[in-house]
Amino acid sequence: AQKVTQAQTEISVVEKEDVTLDCVYETRDTTYYLFWYKQPPSGELVFLIRRNSFDEQNEISGRYSWNFQKSTSSFNFTITASQVVDSAVYFCARAGGSNYKLTFGKGTLLTVNP
Amino acid sequence: GAVVSQHPSRVICKSGTSVKIECRSLDFQATTMFWYRQFPKQSLMLMATSNEGSKATYEQGVEKDKFLINHASLTLSTLTVTSAHPEDSSFYICSARDQGTALLSGANVLTFGAGSRLTVL
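Source: prediction; values computed, not measured. (Residues numbered from 1 in each chain as written. Chains lettered and ligands numbered in written order. Predicted model: local features only at pLDDT ≥ 70, side-chain atom pairs only at ≥ 80, totals over all residues. Heavy atoms only, no water.)

> What am I meant to see in the overall build of chain A here?
Helix and strand content of chain A: zero helices and twelve strands. What you see in chain A, going N to C, is helices and strands ordered as β-β-β-β-β-β-β-β-β-β-β-β. Its C-alpha radius of gyration of 14 Å places chain A within 12% of the 13 Å reference for a compact globule of 114 residues. Each principal axis of the C-alpha distribution contributes one length, and for chain A these read about 45 × 25 × 20 Å. Relative to its 114 residues, chain A shows a buried fraction of 47%. (Helix = DSSP H or I, 4+ residues; strand = E, 2+ residues; numbered from the N terminus. Rg over C-alpha atoms; globule rule 2.2 N^0.38 Å. Buried < 20%, exposed > 50% of the residue type's maximum accessible area, 1.4 Å probe, protein only.)

Pasting the structure below:
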């Protein structure tokens, strides 16, 4: 199986700290897609980003930024100046080729304390 | 943006009964939908791919007779948990692929429903 590994099970920070969530993936596909989702306690999955394998350009969206490194098969997510509302479980996921079947990592529980 | 409605959001049933969960794409057509299962504090595991007008494709280890999937229209897929038992208690979540979304963009091509929490007593 082509795994997605989120080595950090839980992270706890104080508000305004920067935090990086790690994601390492395995793939045999030439074309693949990487995703990050946020799952608050209510349970719904909130889409954050999708990155195509042929686009290694890093992305910044407000306080969120993503670092895609094909050489290390990593797609890390950084939250700058964290806020209490960022507290949630964050999932990294991949899909291969034209197939949108997602393989999820185990998730990282982020707790931002006031 | 694309919206997927999942119903019911919560259901409690007695052991031995069957429960149906609906997944609807509200403003787009979805020939393909996906059903995931999530145990408490765990990741999401793909159960099956629901294909409009044809049989669902189940992942290894998922009992097709236990989890019946029907995708009768371009906007509706249903998951029926038959003869439910306490071990079937879980959070079930569907996603639908919006094939009208450009693949080359970073746009969200998969929209998830809000999930259905099943408790079997």
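Having seen the structure, we can now continue with the description.
> In this structure, what is going on with the nonpolar core? I would like to understand it.
Buried together is how nonpolar side chains tend to be arranged in soluble globular proteins. With 24 residues, the main nonpolar core has Trp35, Phe67, Ile69, Leu79, Tyr92 and Leu118 of chain B as its most contacted residues. Of all the secondary structure elements, the ones that give two or more residues to this core are strand E2 (10–13), strand E3 (19–25), strand E4 (32–38), strand E5 (44–51), strand E7 (67–73), strand E8 (76–81), strand E9 (90–97) and strand E11 (116–120) of chain B. If near-sequence neighbours (up to four positions away) are discounted, Leu79 of chain B is found in contact with Val19, Lys20, Ile21, Trp35, Phe67, Leu68, Ile69 and Tyr92 of chain B. With 23 residues, the next largest nonpolar core counts Leu34, Phe68, Phe77 and Tyr90 of chain A among its residues. (Core = buried A, V, L, I, M, F, W, Y, C linked by side-chain atoms within 4.5 Å. Contact = heavy atoms within 4.5 Å.)

> Even after reading the chapter, I still don't get the sheet that holds E3 of chain B, so can you show me in this structure?
Backbone hydrogen bonds are what pair the strands of a sheet, in a parallel or an antiparallel way. Residues and elements named next belong to chain B. The strand order across the open sheet built from four strands is E1-E3-E8-E7, with neighbouring strands paired in antiparallel fashion. Strand pairing shows two members of the sheet lacking a second neighbour, strand E1 (4–7) and E7, which therefore form its edges. Ignoring which end each strand starts from, the neighbouring axes of this sheet average 15 degrees apart. Direction of pairing for E1 relative to E3: antiparallel, over a ladder of four bridges. Looking at the pairing, His7 lines up with Glu22 of E3. (Pairing = 2+ DSSP bridges. Axes fitted to C-alpha atoms, helices over the stretch in contact; angles between N-to-C directions.)

> For this particular structure, what's the right way to read the confidence of the model for chain B?
Looking at chain B, the pLDDT average stands at 91 and 93% of residues meet or exceed 70. The lowest-confidence element of chain B is strand E10 (residues 110–112) of chain B, averaging 88 in pLDDT; the highest-confidence one is E11 of chain B, averaging 97. (pLDDT = per-residue confidence, 0-100.)

> Would you explain the packing of aromatic side chains in this entry?
Ring pairs (aromatic) are described by centroid distance and by the angle formed between their planes. One pass over the structure, following the stated rule, counts 18 aromatic pairs over all chains. Ring geometry for Tyr25 of chain A versus Tyr32 of chain A: centroids 5.2 Å apart, planes at 50 degrees, classification tilted. For the pair formed by Tyr25 of chain A and Tyr32 of chain A, the shared burial category is buried. One aromatic cluster is present, formed by Phe35, Tyr37, Phe47, Phe91 and Phe104 of chain A together with Tyr36 and Phe112 of chain B through successive ring pairs. (Phe/Tyr/Trp six-rings, centres within 6.5 Å; stacked < 30°, edge-to-face > 60°.)

> I would appreciate a short explanation of the state of the cysteines in the present structure.
A covalent bond between the sulfur atoms of two cysteines is referred to as a disulfide. Across all of its chains, the model carries two disulfides over all chains by this definition. Between the sulfur of Cys23 of chain A and that of Cys92 of chain A lies a disulfide, 1.9 Å long from S to S. An S-S torsion of about -65 degrees defines the bridge between Cys23 of chain A and Cys92 of chain A as left-handed. One end of the pair, Cys23 of chain A, is in the loop between strand E3 (19–21) and strand E4 (24–25); the other, Cys92 of chain A, is in strand E10 (residues 88–96), and 69 residues separate them in sequence. Given a relative accessible area of 0%, Cys23 of chain A falls into the buried group. Considering cysteine sulfurs only, Cys94 of chain B is the nearest to Cys13 of chain B, which forms no disulfide, with 18 Å between them. Exposure remark for Cys13 of chain B: the relative accessible area of 9% places this residue in the buried category. (Disulfide = S-S within 2.5 Å.)

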